[in-house]
Amino acid sequence: MGRARKSKTSKRDKYASFGDMADESDEDADLPKDEAGRRKIKRQYGELLGIRIEKLRGRILNRERINKTIEGIYFICASCMKVCHSLDDGFTEDPANQNNLCGACTKAQAAATTAAAAAKESSGGSSRRSTRSPRKRAAAS
């Protein structure tokens, strides 16, 4: 008895994922080579970590040396929970490495705190108490 021949469709299915990779590289074609590479690595980190991103939010994933003076850092933003790179997205480092933020979230957080401070100032007026005691006030009148 001879062997049964394999159909050609199974061979096509085996390499179907290469079509997806080509689509992703088309999106990054207009970017510089290094930025496209960082975007690809960020996407791979997102796929690799999956649901654990929430557990690791705010932490540094990897540090890389771009050249002798520049260091690139991959991290998960504590606010938006996206994988970010310090050169692309900005980086606000937390000394405890638990609450690192990207540039956009840092700006949003700063704007929110200034708006809250302005609202507190305008609604409360002066919150200072009088230094006189109530007895002196009653005696003066």
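Notes on the structure follow. (Residues numbered from 1 in each chain as written. Predicted model: local features only at pLDDT ≥ 70, side-chain atom pairs only at ≥ 80, totals over all residues. Heavy atoms only, no water.)

Some thoughts on the environment of I60
Here is step 1 of the chain: By the element assignment, I60 lies in strand β1 (residues 60–65).
Here is step 2 of the chain: Along the primary structure I60 and N97 are separated by 37 residues, whereas in three dimensions their C-alpha atoms are 7.1 Å apart.
Here is step 3 of the chain: Apart from the residues within four sequence positions on either side, I60 is in contact with I73, Y74, F75, F91, E93, N97 and N100. (Helix = DSSP H or I, 4+ residues; strand = E, 2+ residues; numbered from the N terminus. Contact = heavy atoms within 4.5 Å.)

Considerations on the pattern of salt bridges
Here is step 1 of the chain: For the structure shown, the criterion picks out six salt bridges.
Here is step 2 of the chain: Note that R38 and D34 form a salt bridge whose closest N and O atoms lie 3.8 Å from each other. One end of the pair, R38, and the other, D34, are both in helix α3 (residues 33–49), four residues apart, so they sit about a helical turn from each other.
Here is step 3 of the chain: Given the relative accessible area of 10%, R38 is considered buried.
Here is step 4 of the chain: Close ionic contact of R63 with E93 constitutes a salt bridge, the shortest N to O distance being 3.5 Å. Taken together, the residues span a long stretch of sequence, with R63 in strand β1 and E93 in the loop between α4 (86–89) and α5 (103–124) at a distance of 30 residues.
Here is step 5 of the chain: What makes R63 partly exposed here is its relative accessible area of 38%.
Here is step 6 of the chain: E93 sits in the partly exposed class, given a relative accessible area of 45%.
Here is step 7 of the chain: Salt bridges sharing common partners tie together D34, R38, K42, D88 and D89. (Salt bridge = Lys/Arg side-chain N within 4 Å of Asp/Glu carboxyl O. Buried < 20%, exposed > 50% of the residue type's maximum accessible area, 1.4 Å probe, protein only.)

Structural notes on the sheet that holds β1
Here is step 1 of the chain: The sheet built from three strands is open, its strands ordered β1-β2-β3 with antiparallel pairing. Edge strands, defined here as strands with exactly one partner in the open sheet, are β1 and β3 (83–85). Sheet twist, expressed as the average angle between the axes of neighbouring strands with direction ignored, equals 15°.
Here is step 2 of the chain: Direction of pairing for strand β2 (residues 71–76) relative to β3: antiparallel, over a ladder of three bridges. When the bridges of β3 are listed, Y74 appears paired with H85.
Here is step 3 of the chain: This element, α3, spans β1, β2 and β3 of the sheet and lies at about 155° to β3. (Pairing = 2+ DSSP bridges. Axes fitted to C-alpha atoms, helices over the stretch in contact; angles between N-to-C directions.)

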